[in-house]
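Residue-level structural notes
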Amino acid sequence: MLHGKALNSTLLLFNVFVFFAAALGRSYPRFSHNDTEFQHLVLHPDPAVGTVYVGARDRLFQLDGLDGLRLEQEERTGPVNDSKDCLPPVTESSCPQARRTSNHNKLLLVDAQVLQLITCGSVYQGICQKRSLTSIKEVLFSTERPVDTQYVAANDPSVSTVGLVVGPRGRERTVMYVGRGYTASHPPISTRHLSSEPIFSYEDTAKLAVAGRLSEYDHHFVTAFSRRMYVYFLFYRRDIKSVSREYRTYAARVCLDDISYYSYVEVPLVCRSPSSSSSRNYNLLQAAQVGKGGGQEGEALLGVFSAHISSTNNNPSDASALCVYPLDELDRSINSTRDLCYTQNGKVDGAEEVAYIEYEVRSSCANLLVNTLKAYPCGSDHTPSPMASRVPLEAEAVLDSPNARLTAVAVSVRDRHSIAFLGDSKGKLHK
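The text that follows walks through the structure, step by step, so that each part is easy to find. (Residues numbered from 1 in each chain as written. Predicted model: local features only at pLDDT ≥ 70, side-chain atom pairs only at ≥ 80, totals over all residues. Heavy atoms only, no water.)

1. Describing the overall build of the chain
When you go through the chain residue by residue, the secondary structure sums to four helices and 30 strands. Expected size for 431 residues packed as a compact globule is a radius of gyration near 22 Å; at 22 Å, the chain falls within 12% of this value. Dimensions of the chain along its principal axes, counting C-alpha atoms only, are 65 × 55 × 40 Å. A buried classification covers 55% of the 431 residues belonging to the chain. In the chain, which carries 45 positive and 46 negative side-chain charges, the distance between the mean positions of the two groups comes to 3 Å. (Helix = DSSP H or I, 4+ residues; strand = E, 2+ residues; numbered from the N terminus. Rg over C-alpha atoms; globule rule 2.2 N^0.38 Å. Buried < 20%, exposed > 50% of the residue type's maximum accessible area, 1.4 Å probe, protein only. Lys, Arg positive; Asp, Glu negative; His and termini not counted. Charge placed at Lys NZ, Arg CZ, Asp CG, Glu CD.)

See the structure below:
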């Protein structure tokens, strides 16, 4: 069974290939397994190798993508004796309440620098392993007796976790960025060590600082990606600054060389109905993909959004839409928020507050010298953070889907035309 929310863009592209093959009446490679749930998929970084890795409930699969998705290896990862209330290692004496618990794959990432597969599950407080890309059965590193900062993924199958491996571009070592929804006091966004001890841990400053109660914000992460000198996170959370405290979607950005998150800025994203008779906003991002889209010059973010059932409920309705945001426009919005917070106390013309400090952190927008923007584009210990914008980046929906919730998006370019492929909650693929 395919888990729609968890499927990443790679799996979507596989669905695209399947769609074309089926449309042309051709047979196509197929792999299925009845007693589990596929949750993530990644490819070997060398296309000539062609190996496909699938993370599932209680299992990992290694497939030969050049030989009809032939099963090469299967590794069981659960069920195991575990309890959310216990810290690993879990034993009968230390955790008498432990019960047989399924291990859901929360992260499946490739570290292309060292040809390793990173797997993180929902059991044992979300710890991770490093495995060989040649053989998923070969565990190269596992956090058997982890410290608190090595708990990576959410330990609840229903709580989201996203991740991104970033190589040594401009930095000494490869790191892993992680965004995770609320389950305890762990930071919603953090930067994890992959090549220095303790593996998978984060420094005290290498995280998004939240002084308020994390449960109030209730982050739900959708995806993460890097572009140029930045890493981006897309998520929806409760807007506790508003009277309605409704859930809204945000795009957050931090500089890749910023180990203290001084440069953190988030901007709300609004996807609105194109109909003049229906002023519906689609608040909850379901999936996103970076590519060429909507005839825009340069790269764009294509996102499928759902309307919420109620303003204080994060359950998506079937009503959904596709919106396109040029990434250069998103960067301008983030830069403007930063600039206002650095040099104009977050206000436009000294009146309306546009930029502010989020997450109850004891900081405030400032009136620093204008040359601060050039001297510290990624912030420093004397610049305000974490910053947020009250003004959203808005886009008009290019497609509405009133009766089937859009859950996935992929984009491809053919003959200078951008083609979007959308998956919905009823198992249909739209081109």
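2. Examining the sheet that holds strand 11 (residues 161-166)
The sheet built from three strands is open, its strands ordered 11-12-13 with antiparallel pairing. Here the strands that pair on one side only, and so sit at the sheet edges, are strand 11 and strand 13 (189-193). Neighbouring strand axes in the sheet, compared pairwise and without regard to direction, differ in orientation by 25 degrees on average. Two elements, strand 11 and strand 12 (residues 175-180), share six bridges in a ladder whose sense is antiparallel. In the sheet register, Thr 161 faces strand 12, and the bridge partner there is Arg 180. (Pairing = 2+ DSSP bridges. Axes fitted to C-alpha atoms, helices over the stretch in contact; angles between N-to-C directions.)

3. Regarding the nonpolar core
Ranked by internal contacts, the top residues of the largest apolar core, which has 36 residues, are Leu 234, Leu 269, Cys 271, Leu 301, Tyr 325 and Leu 330. Broken down by element, this core gets its largest block of residues, six residues, from helix 3 (residues 327-343). Not counting residues within four places of it along the chain, the set of residues in contact with Leu 301 comprises Phe 225, Leu 234, Leu 269, Ala 288, Gln 289, Val 290, Cys 323, Val 324, Tyr 325 and Leu 327. With 21 residues, the next largest nonpolar core counts Leu 164, Tyr 177, Ala 252 and Tyr 264 among its residues. (Core = buried A, V, L, I, M, F, W, Y, C linked by side-chain atoms within 4.5 Å. Contact = heavy atoms within 4.5 Å.)

4. Some points on helix 3
With 17 residues, helix 3 extends 24 Å between its outermost C-alpha atoms, agreeing within 8% with the 24 Å of an ideal straight helix rising 1.5 Å per residue. Within the sequence span of helix 3, burial applies to Leu 327, Leu 330, Asp 331, Ser 333, Ile 334, Thr 337, Arg 338, Leu 340, Cys 341, Tyr 342 and Thr 343. In the stretch just after helix 3, Asn 345 is the one whose phi turns positive, near 55 degrees. (Expected span 1.5 Å × (residues − 1).)

5. With respect to the pairing of strand 20 (residues 300-308)
Taking burial as the measure, the nine residues of strand 20 include nine buried ones, the bulk of the element. As judged from the seven bridges shared by strand 19 (residues 284-291) and strand 20, these two strands associate in the antiparallel manner. Following the sheet pairing, Ala 288 is matched in strand 20 by Gly 303. Where strand 20 and strand 21 (residues 316-326) come together, eight bridges link them in antiparallel fashion. Its bridge partner being in strand 21, Leu 302 is matched across the sheet by Val 324.

6. What to know about the environment of Val 123
Within the fold, Val 123 resides in the loop between strand 8 (116-121) and strand 9 (128-132). Sequence spacing of Val 123 and Val 243 is 120 residues, and the spatial spacing of their C-alpha atoms is 37 Å. When sequence neighbours within four positions are dropped, the list of residues in contact with Val 123 reads Val 80, Asp 82, Thr 101, Ser 102 and Asn 103.

7. Remarks on the pairing of strand 28 (residues 406-414)
The element strand 28 is extensively covered by neighbouring structure, given that seven of its nine residues are classed as buried. Alignment of strand 28 against strand 29 (residues 417-424), held across eight bridges, turns out to be antiparallel. Residue pairing for strand 29: Val 413 is matched across the bridge by Ser 418.

8. Overview of empty space enclosed by the protein
Here the structure, examined in full by the defined rule, presents two cavities of 30 Å³ or more. Its boundaries defined by the atoms lining it, the largest cavity holds a volume of some 70 Å³. The wall of the largest cavity is formed by Arg 180, Gly 181, Tyr 182, Thr 183, Ala 184, His 186, Pro 187, Pro 188, Leu 214, Asp 218 and His 219. Class assignment of the residues belonging to the lining of the largest cavity gives a composition of five nonpolar, four polar and two charged. Its volume calculated, the second largest cavity comes out at about 40 Å³. As for the second largest cavity, its lining consists of Tyr 230, Arg 253, Val 254, Cys 255, Ser 263, Val 265, Arg 338 and Pro 377. (1 Å grid on protein atoms, 1.4 Å probe; cavity = no way out; pocket = protein on both sides within 12 Å on 5 of 7 lines; lining within 4 Å. Points joined across faces, edges and corners; volume = space filled by probe spheres on them. Nonpolar A, V, L, I, M, F, W, Y, C, P; charged D, E, K, R; others polar.)

9. So, the state of the cysteines
By definition, a disulfide links the sulfur atoms of two cysteine residues through a covalent bond. All chains considered together, the criterion is met by five disulfides. One disulfide bridge connects Cys 255 with Cys 378, the sulfur atoms lying 2.0 Å from each other. Looking along the S-S bond of the Cys 255-Cys 378 disulfide, the torsion reads about -80 degrees, which is the left-handed sense. With a gap of 123 residues between them, Cys 255 in strand 16 (residues 247-255) and Cys 378 in the loop between helix 4 (372-375) and strand 25 (387-389) connect regions that are remote in the sequence. The same class applies to Cys 255 and to Cys 378, which are both buried. (Disulfide = S-S within 2.5 Å.)

10. Remarks on unusual backbone geometry
Following Pro 88, the chain continues into Pro 89 via a peptide bond in cis, with omega recorded as 0 degrees. One can find Pro 89 in the loop between strand 5 (80-82) and strand 6 (99-101). Going from Ser 385 to Pro 386, the amide bond is cis rather than trans, its omega being -5 degrees. Within the fold, Pro 386 resides in the loop between helix 4 and strand 25. Located in the positive-phi region is Asp 58, a residue other than glycine, with phi close to 70 degrees. Following the sequence through the fold, Asp 58 ends up in the loop between strand 2 (51-56) and strand 3 (59-64). Residue Asp 58 is classed as buried on the basis of its relative accessible area, which comes to 5%. Phi is positive for Asp 218, close to 55 degrees, though the residue is something other than glycine. Within the fold, Asp 218 resides in the loop between helix 2 (214-217) and strand 14 (220-227). By relative accessible area, Asp 218 is classed as partly exposed at 23%.

Read these as spatial facts, not as claims about activity.
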